[in-house]
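Observations on the three-dimensional arrangement
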Amino acid sequence: MVKEITQQVIPPTIDYLLFYVNGKQVIEHNAEPDWTLLWYLRNKLNLTGSKLGCGEGGCGACTVLISQCINRHTGHLEHRTVNACLAPLCSVDGCHIITVEGLGSVAKSNLHPAQSRLAEMYGSQCGFCTPGIVMSLYGTVTSSNHPHSSLTMLDIEEAFDGNLCRCTGYRPILDAAKTFAKDLSQLPCKDSLKSSKPTTTTLDKCLSFVKKIDKEPHQIEFPDELRQHIAQSIFIKGSLIEWYRPVTLNELLQLRSTYPGSASKLIFGNTEVQIETKFKRLKYPRFISITHIEELQQLKRTPTSLVLGAGVTLTRLHEKLTEWNDQKLDGGICQALTDQLKYFASTQIRNVASLGGNIVNASPISDVNPVLQAANALLELHRAEANSIRLVPLRDFFLSYRRVAMTDDEVLVNIHIPLPSASLSSPSNRTFLRSYKQARRRDDDIGIVSSGLQVELEPIESTDKQQWRIVCAHFSFGGMGPTTILAKNTQQELIGQLWTKSTIDKACELAVKEMPLNDMTPGGQPEYRRTLVQSFLFKFYVYVCSELNKESVDSKELSIAHPYHRPVSHGQQIIPERPTSQKVVGTSLPHRSAYLQTTGEAKYIDDMPSLAHTLHAALVLATQPNARIKNIDLGAASKVPGFVSFVNHQDVPGDNMTGDVVHDEEVFVSSITPCVGAVIGIVLCETERAAHAAAHLVQIEYELLTPTIYTIDDAIQHQSYIGEERCLNQGDIEKALAEAENILEDTIVIGGQEHFYLETNCCMVIPSNDDKEITLYSSTQNPSKTQELTALALGCDVSHVQCHVKRMGGGFGGKESRSIAPCVALAVAAVKVGRPVRMNIERDVDMSITGQRHPFKIHYKVGFTNQGEFTALDIRLWSNAGCSFDLSMAVLERAMLHVDNTYRFQNVRVRGRLCKTHLPSNTAFRGFGGPQGLFGCETIVDHIATHLKLDPLVIRRLNMYREGDITHFKQPLERWNIPRLMDELLISSDFNQRQKSIEEYNKLHTYRKRGITILPTKFGIAFTAKFLNQAGALVHIYKDGSVLVSHGGTEMGQGLHTKMISVAAEALSCDVDRVRISETATDKVPNTSPTAASASSDLNGMAIRIACEEIRERLNKVAANYNTNLSWEDLIKKAYFSRISLSAQGFYATPEPLGADFANNEVHFNYFTQGAAVSEVELDTLTGDWHILRADILMDVGTSLNPQIDIGQIEGAFVQGYGLFTMEELIWGDQTQHKWTKPGALFTRGPGTYKIPSFNDVPLDMRVELLSDAPNPLAIYSSKAIGEPPLFLGASVFFALKNACMAYREQQGYTGYFPLNSPATVERLRMACTDEFTERACVQNHEQFQAKVKIKPFIPKSNKMVRQLTVHLCQISNNIFSHSTIWYDDETFCNGAPSMLVYQWTSNSSLSLFHMDNNIGFQLDKSKSIVLSVTYAEERQLSKDGTGVIVYISTITDNDEVVVNMAIAYIQALIKQAHIKYLMVFVENTKKRLVDPVTPIITGSTEMGTFTPLQKNDDEHIKANEINMCCLF
Ligand SMILES: Cc1cc2nc3c(=O)[nH]c(=O)nc-3n(C[C@H](O)[C@H](O)[C@H](O)COP(=O)(O)OP(=O)(O)OC[C@H]3O[C@@H](n4cnc5c(N)ncnc54)[C@H](O)[C@@H]3O)c2cc1C
Ligand code: FES
Ligand code: FES
């Protein structure tokens, strides 16, 4: 049928793809339409340089460059970077793809400057992000839009908005990238920095590279064949899906008419559809790619309108709008759209995503739609039938959540935006349009609220000053309802009003009422969103006033009239001279694998080729917390082609109990699930895809148990703890508190943090029948523990298991213990089937199941003198350990040991408890509890300073420990450098002067405030578990003089191997290039401690040094026999022929005193790494958006082993630290704060929802200095550990922001201390900036329905019944009553996000059915209860003064009465409690149509209404009747 159409319409249809990869032709005849480009590159072409970091377009690790000839006649080429994880393979026909392998290779010694500069400037640590970053840089340099000659630093800074790096802190990457910019001279030079110390600036670095003559980079020419390529229609018949690529509009319309509605899916950039298919598991039978339809590509400006093709990419659109931008002509439309596009997704997404895709996608938080709606855009829709074309106003387009007014066969072709100049009511009128967006992060983040605000004003006669009256207003918002919405009532009320502040106040009041969100709003943050609406309106007001008459605006408010323009960032480093006694150690050797990482040649586990017969595994995870597994149904899963086996607890040959410290976890859940995400089983299949598909088809029936505990407060309420309370005492706390001149008491909370290593957990297991050996390849920081626990589960000796780790793409503590369980489970699976098995855990799963940094609740009572001297600290810490012990006690202990930071409290009592909850076990994370304890301490400092009206610095100085002071855990402080660090930093950062300037700035700016803070830190180095402070090393020298070092530490990007190589070279006195480290393996060095606690250089460095010195001693004896100076190679040969051993083992144990003895209040670290930082920030008090203007860090790293690697650790930790304290918010569904998402499941499970700092967040001026003359005799070559200590310095950004908030609050009349929980997200910051807007947004007795009542769980008698209940939700939107049948399965619900909604039947035996949008949220939970949440946003349309909800229930059971009655009873109970005034429940049986006519029930109503009951059960009737019923209200 289709063939017929395609033959009729456009004859030459091809059924294969032709494209080029790195200059080589590829013709693919067997493409599957659901293959992504990334999968193809990695699995079919073996180009593993491009990495899979997230699979959702959010990290950039998969970035490749796609070039295409867009005009055969001119030969014009278009180059664009894209996310290969989103791009369908079928979309690249006719393109040239360049991957990182195409640029250059170490093997061929032909690195592209983008690769070599990044490597040489320390821009690659773990290297997993690096190929993507190289490609983004290469794309920017190559792109025709940025010819090399005109590339600016700003272009460069904006080029990385789609890339994330978790290691470097971005500064070195930006430095390397700036070497390509032509405006370098604008960077500050050394002289301007006024530093007498040996300083290196960004400018110095860039210039040194620019001066270097690079070899002409190896260029891949665009293939001639593709210059002549004529795009043809394509039809590809995949095994399950078909792919069409029409090339004319006619052909497209015919296809759409043949396959209307869900029979086909149109795709352009696929950025949205790929997310739907991957995460929501939506299935489409055929895709119609619309990228090659000329009619969809036009960009035209007529005298009356802008005509924008639906198939124009956002990048092209941005370019054109920039060219067109003319406020007088377009009334601000072009500017408003370009402002919005600047922070729309990322470069990679904008390069492929279309305007039409964004509109039709109908996301309620679209960035573009509010602007288009405000501008009254019209959509031109085409369909094949009789060449029908219609124009639909965008204002009428969005019907309800992701439903649009488009027929099943229509295609959006153009968007028309009327130019206001053509439609003004009078020539003297003026019109303005502006866009606003606030997201959790600027780069690549969907808005929390976005808006397009437009107003037409007419001048009115006035005697004294010019006044303006509102002719019409259009205020459109995203994020304030289930669709992009216009605040129609507000707009209407404003017509005819004067353009004054009081009118805007009124608009704010009306808008808040008109868009009343509540705490069931998906994404939460109702108060913040309501505040943002007002902030945007107010900003718009100031902007319009400033345009009308700049003089009329208070100069202090002018800064909010226009968006903030972020300047170019830069940095500097100060490194003390290296001791002359050292030849290698102390030099800044680049990371050993840096070149390989920049070329993509560095191999991670997922890049390793599979052995023959390798199977792929996918985890089957619990979807319910605290639930008994009643049945596992493998029926559907086992039918997936390629299914081999399901492995569960019954297959464990050894012990199913496991755990890092205490064996309190199960390898596979045997009966009761401890949390969502617990591993129930593993599915083994022949392919990875089959494994994932089958794992999702395993049906598990649960019996829910009570209680479920998610938060620390839940745990305290239920007394749910792990272990006993820990306590530390110093002095007499009760007496000290009783005698204190002042006492303050408060509670503060610090949230958790996801590690977000760029490489997710990955492992491969190779079993062998030969002596029952098992070989593990795992991305783990803890190979020995992985080996031991595998042996335990397999019931074999540890010696039968080997674990190998070459490198990790980041770890940060996340792979210290939580990487082990999946590997152990995989080993069980491999042994069961006797075949190699591999598994790469996808990002969303990895984040959901592997635990995070522990959230803490901290309660303190502090006594102090009137001068601010501390006399007593009574502090309690609770941490959320999750469901098992893991490393939580050690984390808690470290937190307790760091509550003093650098201050003497005199009398101290610290108590700590581990809360046991039904969440995945929380675990180690860089800092290991230290940052949480330190945060508690600095909050106390801040509290006291505010109370006494003193500068916090005064309190810090007054209470600072002195040399020889004893900590609250009885450790004397030796080589105490904090006072010196603070003194030096105060001077070098010019702190006092800047503090004064900030005061001045704040006086002159009402809505932008600055803040500055100086913060010290000390961090104890050593494992508190004494036995872990040991390490081994094995050093072999081969006859040619090459050296192979093995040690117990693993390389995860921190540069450990690079440092260890320099230690070996120094101790052996050989050339550093002769030394190599291959991997970490348990068969080389046994019984290793995890690479953790920052101590790996100290421990392994010492072990290596001992081994090398032993060999060196032997060599010295050989050398003594010769008079001449022997070369290294000759010396080795002589030693060999003299039968001297060229191999040695080294062992090191940190000397006593060491370790923790809590029973005796005594803990001894080896030493303390110390540092201090100053951060200065600027805060937009109306939105919570902020920038770090400058950060200065002074760090005591002893005598650095490798200064640049240490600086990399400092900057990386600092950025990760301010991510923790300001940005990274984990959202777990619970019963209190996040009721809108599934309880016990993680909502923030990917880069789309969880935001780590990005390039745009780097300090504008980043200065790092290493303290001079501070050798540390207690560690290798007088160095100090550095991995974790600087992380807490990121809190200086938090306190600087708090400082800025304080300035605003004081201006608003709110003096005094205010608590600020961590992270200080944009939401928390804005809401802390209390003002008229926040007050209006937080009205207590708001008319909205507050679902705060505690609902008694309803226990249905039959689980089976409830499971079969389906819910039809009816909602009212724009007076159109729409009826949607929505089916949800448990998995969908797990995904939680509104973007994860599925509009299709997914499973007849769904465990829970769930719908959530801004109007109505309804969840049915399978066994324990029906949890129902109902909210209603648009009460205005239902009733004037009430809240109502309409629920339509249908059942599909034969005997549904019980179910229906249960549901109704429950709903009734809820209605009563929640004071809903109107309720209508319709019940029908869709299977037997038993209930006829439907019995309507109205309950809990104070004003009972009447309506006509439904007569029939078919959908058409329902729709008709519902509209009638609406009218009755
Ligand atoms: C990492 C990431 C970040 C994002 N950030 C943002 C953001 O900051 N702001 C924002 O607003 N959005 C964002 N999005 C959403 C998405 O990128 C945009 O909606 C984009 O514009 C979609 O365009 P596309 O061409 O890729 O659409 P596709 O995925 O190809 O299609 C989307 C939908 O539109 C339909 N469609 C496409 N074209 C037509 C047409 N001409 N006629 C009829 N139907 C059509 C498709 O059938 C499909 O239903 C983000 C997405 C990702 C993956
Ligand atoms: S893997 Fe493609 S963007 Fe993350
Ligand atoms: S180097 Fe960037 S994520 Fe590790």
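Source: prediction; values computed, not measured.

Here's the deal with the overall build of the protein
Within the protein, the regular secondary structure consists of 47 helices and 57 strands. In the protein, buried positions account for 66% of the 1529 residues. Counted over contacts in the protein with a minimum sequence separation of 6, partners at least 24 positions apart contribute 77%. About 52400 Å² of surface is accessible on the protein, with carbon and sulfur atoms providing 50% of the total.

Overview of the site of ligand 1
Near ligand 1 lie 32 residues; those nearest to it are Lys 265, Leu 266, Phe 268, Thr 271 and Ser 354. Note that an oxygen atom of ligand 1 is positioned 2.9 Å from one of the backbone N or O atoms of Asn 270. Here an oxygen atom of ligand 1 sits 2.7 Å away from a polar atom, N or O, in the side chain of Ser 354. At the level of elements, β10 (265-267), α17 (355-361) and β18 (411-418) are the ones that each hand at least two residues to the shell around ligand 1. Broken down by element, the shell around ligand 1 gets its largest block of residues, five residues, from α17.

Concerning the nonpolar core
In terms of nonpolar packing, the biggest core is built from 150 residues, with Phe 477, Trp 499, Phe 540 and Leu 877 touching the most fellow members. With 13 residues, helix α22 (residues 526-548) is the largest single contributor of residues to this core. Once residues within four sequence positions are removed from consideration, Phe 477 is found in contact with Pro 370, Val 449, Ser 450, Ser 451, Leu 453, Thr 483, Thr 484, Ile 485, Ala 487, Met 515, Val 533 and Leu 537.

Points about the pattern of salt bridges
Counted under the stated rule, the structure contains 75 salt bridges. Close ionic contact of Asp 93 with Arg 245 constitutes a salt bridge, the shortest N to O distance being 3.2 Å. Note that Asp 93 is positioned in the loop between β5 (76-83) and β6 (96-98) and Arg 245 in strand β9 (residues 242-245), a separation of 152 residues in sequence. Considered together, Asp 93 and Arg 245 belong to a single accessibility category, that of buried residues. Ionic pairing is found between Lys 539 and Asp 1180, a salt bridge with its closest N-O pair at 2.5 Å.

Things to note about the UniProt feature "binding site: substrate" (unreviewed entry) in the protein
Mapped onto this structure's residue numbering, the UniProt feature "binding site: substrate" (unreviewed entry) falls at Glu 816, Arg 894, Phe 928 and Thr 1024. By the secondary structure assignment, Glu 816 is in the loop between β36 (801-805) and α29 (820-833). Tracing the chain through its elements places Arg 894 in helix α31 (residues 888-897). Judged by relative accessible area, which is 3%, Arg 894 ranks as buried.

Some thoughts on the UniProt feature "binding site: [2Fe-2S] cluster 1" (unreviewed entry) in the protein
As recorded in UniProt, the feature "binding site: [2Fe-2S] cluster 1" (unreviewed entry) lies at Cys 54, Cys 59, Cys 62 and Cys 85. Spatially, the listed residues are clustered: although they cover 32 residues, their C-alpha atoms lie within 10.2 Å of one another. The topology assignment puts Cys 59 in the loop between α2 (37-43) and β4 (63-71). Under the relative-accessibility criterion, Cys 59 is labelled buried at 2%. Apart from the residues within four sequence positions on either side, Cys 59 is in contact with Gly 53, Cys 54, Gly 162, Asn 163, Leu 164, Leu 758 and Pro 1247. On the secondary structure map, Cys 85 appears in the loop between β5 and β6. Looking at Cys 85, the relative accessible area reads 5%, which means it is buried. Apart from the residues lying within four places of it in its own chain, the contact partners of Cys 85 are Thr 36, Leu 38, Leu 52, Gly 55, Glu 56, Gly 57, Cys 62 and Gln 274.

Brief notes about helix α13 (residues 314-324)
Within the span of α13, buried status applies to Leu 314, Leu 317, Leu 321 and Trp 324. Each buried residue of α13 sits inside an arc of 85° when the element is viewed along its axis, so together they form one side. Along its buried surface, α13 packs onto β12 (299-301), β13 (305-309), α14 (327-330), α15 (333-342), α16 (347-350) and α17.

Looking at the packing of aromatic side chains
In the structure shown here, the tally under the stated rule is 36 aromatic pairs. Ring centres 5.9 Å apart and planes at 85° place the aromatic pair Trp 499 and Phe 540 in the edge-to-face group. Of this pair, Trp 499 sits in the loop between α20 (488-494) and α21 (501-514) while Phe 540 sits in helix α22, placing them 41 residues apart in sequence. Here Trp 499 and Phe 540 have matching classes, each one buried. For the pair Trp 499 and Tyr 541, a centre-to-centre distance of 5.7 Å together with 45° between the ring planes defines the contact as tilted. One end of the pair, Trp 499, is in the loop between α20 and α21; the other, Tyr 541, is in helix α22, and 42 residues separate them in sequence. Among the residues examined, Tyr 541 registers a relative accessible area of 12% and is labelled buried.

Overview of a nonpolar patch on the surface
On the surface, Val 106, Tyr 595 and Leu 596 cluster together to form a nonpolar patch covering roughly 200 Å² of accessible area. Note on placement: Tyr 595 falls in helix α23 (residues 594-599). Residue classification places Tyr 595 among the partly exposed residues on the basis of a relative accessible area of 32%.

Side note on the environment of Ile 575
Mapped onto the elements of the fold, Ile 575 is located in the loop between β23 (570-574) and α23. Along the chain, Ile 575 and Leu 1267 lie 692 residues apart, while their C-alpha atoms are 7.9 Å from each other. Aside from chain neighbours lying at most four places away, what touches Ile 575 is Pro 198, Pro 1203, Gln 1204 and Ile 1207.

A look at the pairing of β9
Side chains Glu 242 and Tyr 244 of β9 all project onto a buried face; the interleaved residues Trp 243 and Arg 245 project onto the opposite face, where all are buried too. Of the pairings in the sheet, the one linking strand β8 (residues 233-237) to β9 comprises four bridges and is antiparallel in character. The residue bridging Ile 234 from the neighbouring strand is Arg 245, located in β9. Linkage of β8 to β9, two consecutive antiparallel strands, is achieved through a turn of four residues. Where β9 lies against strand β11 (residues 286-289), three bridges are found, and the strand directions are parallel. When the sheet's bridge partners are listed, Tyr 244 is paired in β11 with Ile 288.

Parameters and conventions
- Residues numbered from 1 in each chain as written.
- Chains lettered and ligands numbered in written order.
- Predicted model: local features only at pLDDT ≥ 70, side-chain atom pairs only at ≥ 80, totals over all residues.
- Heavy atoms only, no water.
- Helix = DSSP H or I, 4+ residues; strand = E, 2+ residues; numbered from the N terminus.
- Buried < 20%, exposed > 50% of the residue type's maximum accessible area, 1.4 Å probe, protein only.
- Contact = heavy atoms within 4.5 Å.
- Areas by Shrake-Rupley, 256 points an atom, 1.4 Å probe, with all protein chains shown as cover.
- Near = heavy atom within 4 Å.
- Polar contact = N/O pair within 3.5 Å; in protein donor to acceptor, adjacent residues only side chain to side chain.
- Core = buried A, V, L, I, M, F, W, Y, C linked by side-chain atoms within 4.5 Å.
- Salt bridge = Lys/Arg side-chain N within 4 Å of Asp/Glu carboxyl O.
- UniProt positions renumbered as here; feature names shortened; annotations may be inferred.
- Arc of directions from axis to C-beta.
- Phe/Tyr/Trp six-rings, centres within 6.5 Å; stacked < 30°, edge-to-face > 60°.
- Patch = residues over 30% accessible without salt bridge, like charges linked within 9 Å, V, L, I, M, F, W, Y side chains within 5 Å.
- Pairing = 2+ DSSP bridges.

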